[in-house]
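One letter stands for each residue in the lines below.
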Amino acid sequence: MSEARMQELPEPTPGTFCWVELGTSDNEAAKSFYTQLFDWEYTDNPMGPDQGVYTILKLNGKDIGGLYKLMPDMVAQGVPPHWMSYVAVSDADATVEKAKAEGATIRSGPFDVFTMGRMAVIQDPTGAVFSIWQSKDNKGAGDYGKPGFLCWNELGTNDSEKAGQFYSNVFGWTRQQFPGSPVEYTIFNNAGDCGVGGMYTITPEMGPIPPHWLPYFAVEDCDAKVQKATELGGQVMKPAEDIPGVGRFAILLDPQGAVFAIIKPAPQQ
């Protein structure tokens, strides 16, 4: 990352989502799928002996997120292909201690990622896994909300009260109910800002879905992207559907099985 690039990006606001990262069983196939689906570009970065390659996904020269092949030990532990959501923090170590005090399990870290930043992988008390990022040289994604970029992160949980308390206590998020939703839906607000993410309760009718964070990428045509994803070998987990006042969205599986969502945001009034 060039010095000019580092200076160009401001520090991500603590408590906001700043990065997403795909861990996959086949990084070459995943790169092929996503670059064709979203017109993303990529830059491969060797991580060192026996560490594989870390790929930076880009659009219009701006970073979107990362991609890497799951390590053998992760596969042995049963970790499936997945998208990981990162929350920006000002102090990774202090956030880890706060998360532990609130009942979280620390899956790894905190540890430094070269000179890029300091991170940890955390499992909330209901089982959903996310990461935190204390930025140093790498400030996170280069844009947000535009077509092809991350625009939302959503928590599916089996205990919205417990999860809501956890995130409010760890990140200071406030919670408000979203009116008119077919399911009970909570908006997470950060430091008085508009929503940084959402939360819903997984119901038995939805099937055996484990608690998880789901990234949403903005698109200009939801139905066209759904069709393209299936042509590229992806699967539709939830067909395109309108949410009045919010947009048209769909939930998809990439060919390796990682779940992500797309949404065409509704025009703002």
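Residues numbered from 1 in each chain as written. Predicted model: local features only at pLDDT ≥ 70, side-chain atom pairs only at ≥ 80, totals over all residues. Heavy atoms only, no water.

## Concerning the overall build of the chain
In terms of helices and strands, the chain carries six helices and 16 strands. Taken over the C-alpha trace, the chain has a radius of gyration of 18 Å; the compact-globule value for 269 residues is 18 Å, and the two agree within 12%. If you line up the chain on its principal axes, its C-alpha atoms span 50 × 45 × 40 Å. For the chain, with 269 residues in total, the buried portion stands at 47%. For the chain, contacts bridging at least 24 residues in sequence account for 57% of all contacts bridging at least 6. Carbon and sulfur atoms make up 53% of the accessible area of the chain, which totals about 12,700 Å². (Helix = DSSP H or I, 4+ residues; strand = E, 2+ residues; numbered from the N terminus. Rg over C-alpha atoms; globule rule 2.2 N^0.38 Å. Buried < 20%, exposed > 50% of the residue type's maximum accessible area, 1.4 Å probe, protein only. Contact = heavy atoms within 4.5 Å. Areas by Shrake-Rupley, 256 points an atom, 1.4 Å probe, with all protein chains shown as cover.)

## Some remarks on helix α2 (residues 27-38)
In this model α2 runs 16 Å from its N-terminal to its C-terminal C-alpha over 12 residues, within 8% of the 16 Å that 1.5 Å per residue would give. Residues Asn27, Ala30, Lys31, Phe33, Tyr34, Thr35, Leu37 and Phe38 constitute the buried set of α2. Of the residues that open α2, the one with a side-chain oxygen 3.3 Å from the backbone nitrogen of Glu28 is Asp26. (Expected span 1.5 Å × (residues − 1). Polar contact = N/O pair within 3.5 Å; in protein donor to acceptor, adjacent residues only side chain to side chain.)

## Regarding the sheet that holds strand β13 (residues 212-218)
In space, the eight strands of this open sheet follow the order β10-β11-β12-β9-β13-β16-β15-β14, with mixed pairing throughout. Here the strands that pair on one side only, and so sit at the sheet edges, are β10 (174-177) and β14 (235-243). Each neighbouring strand pair of the sheet contributes to a mean axis angle of 25 degrees, computed without reference to strand direction. Note that strand β11 (residues 185-189) and strand β12 (residues 195-201) share five bridges and pair antiparallel. Across the sheet, Phe188 pairs through a bridge with Gly197, a residue of β12. Lying over the sheet, α2 contacts β13 and β16 (259-265), oriented at roughly 5 degrees with respect to β16. (Pairing = 2+ DSSP bridges. Axes fitted to C-alpha atoms, helices over the stretch in contact; angles between N-to-C directions.)

## A look at the pairing of strand β6 (residues 105-113)
Two strands pair when backbone bridges link them, and β6 and strand β7 (residues 117-123) are joined in this way by six bridges, in the antiparallel orientation. Bridge pairing links Ser108 to Val121 in β7. Taking the residues that link successive antiparallel strands as the turn, the β6-β7 hairpin has three residues, and the phi of Phe114 there is positive, at about 50 degrees.

## What about unusual backbone geometry?
Excluding glycine, most residues fall at negative phi; most peptide bonds, likewise, are trans. Cis geometry is found at the peptide bond from Gly109 to Pro110, where omega equals 5 degrees. Unlike most non-glycine residues, Asp39 shows phi in positive territory, near 60 degrees. Relative to the helices and strands, Asp39 is located in the loop between α2 and β2 (41-46). A positive phi angle is found at Phe114, which is not glycine, with a value near 50 degrees. With respect to the element layout, Phe114 can be found in the loop between β6 and β7.

## Comments concerning the packing of aromatic side chains
Tallied over the full model, the rule gives 30 aromatic pairs. Judged by centre distance (5.7 Å) and plane angle (10 degrees), the rings of Tyr34 and Trp40 are stacked. Residues Tyr34 and Trp40 agree in their burial class; the two are buried. Residues Phe166 and Tyr167 carry aromatic rings whose centres are separated by 4.9 Å and whose planes lie at 85 degrees to one another, so their mutual orientation is edge-to-face. (Phe/Tyr/Trp six-rings, centres within 6.5 Å; stacked < 30°, edge-to-face > 60°.)

## With respect to the sheet that holds β2
Taken in spatial order, the eight strands of this open sheet run β2-β3-β4-β1-β5-β8-β7-β6, and their pairing is mixed. With one partner strand each, in any of the chains shown, β2 and β6 form the two edges of the open sheet. Across the sheet, the axes of successive neighbouring strands diverge by a mean angle of 25 degrees, strand direction being ignored. By the bridge criterion, six bridges tie β2 to strand β3 (residues 53-59) in an arrangement that is antiparallel. Each residue of the ladder has a partner; that of Glu41, found in β3, is Lys58.

## So, the pattern of salt bridges
Across all of its chains, the model carries 13 salt bridges by this definition. Its salt-bridge partner being Lys100, residue Glu97 comes within 3.2 Å of it at the nearest N-O pair. Residue Glu97 and its partner Lys100 are both found in helix α4 (residues 92-101); the two are separated by three residues, about one turn of the helix. Linking Asp112 and Arg118 is a salt bridge whose minimum nitrogen-to-oxygen distance equals 3.2 Å. Residue classification places Asp112 among the partly exposed positions, given a relative accessible area of 42%. (Salt bridge = Lys/Arg side-chain N within 4 Å of Asp/Glu carboxyl O.)

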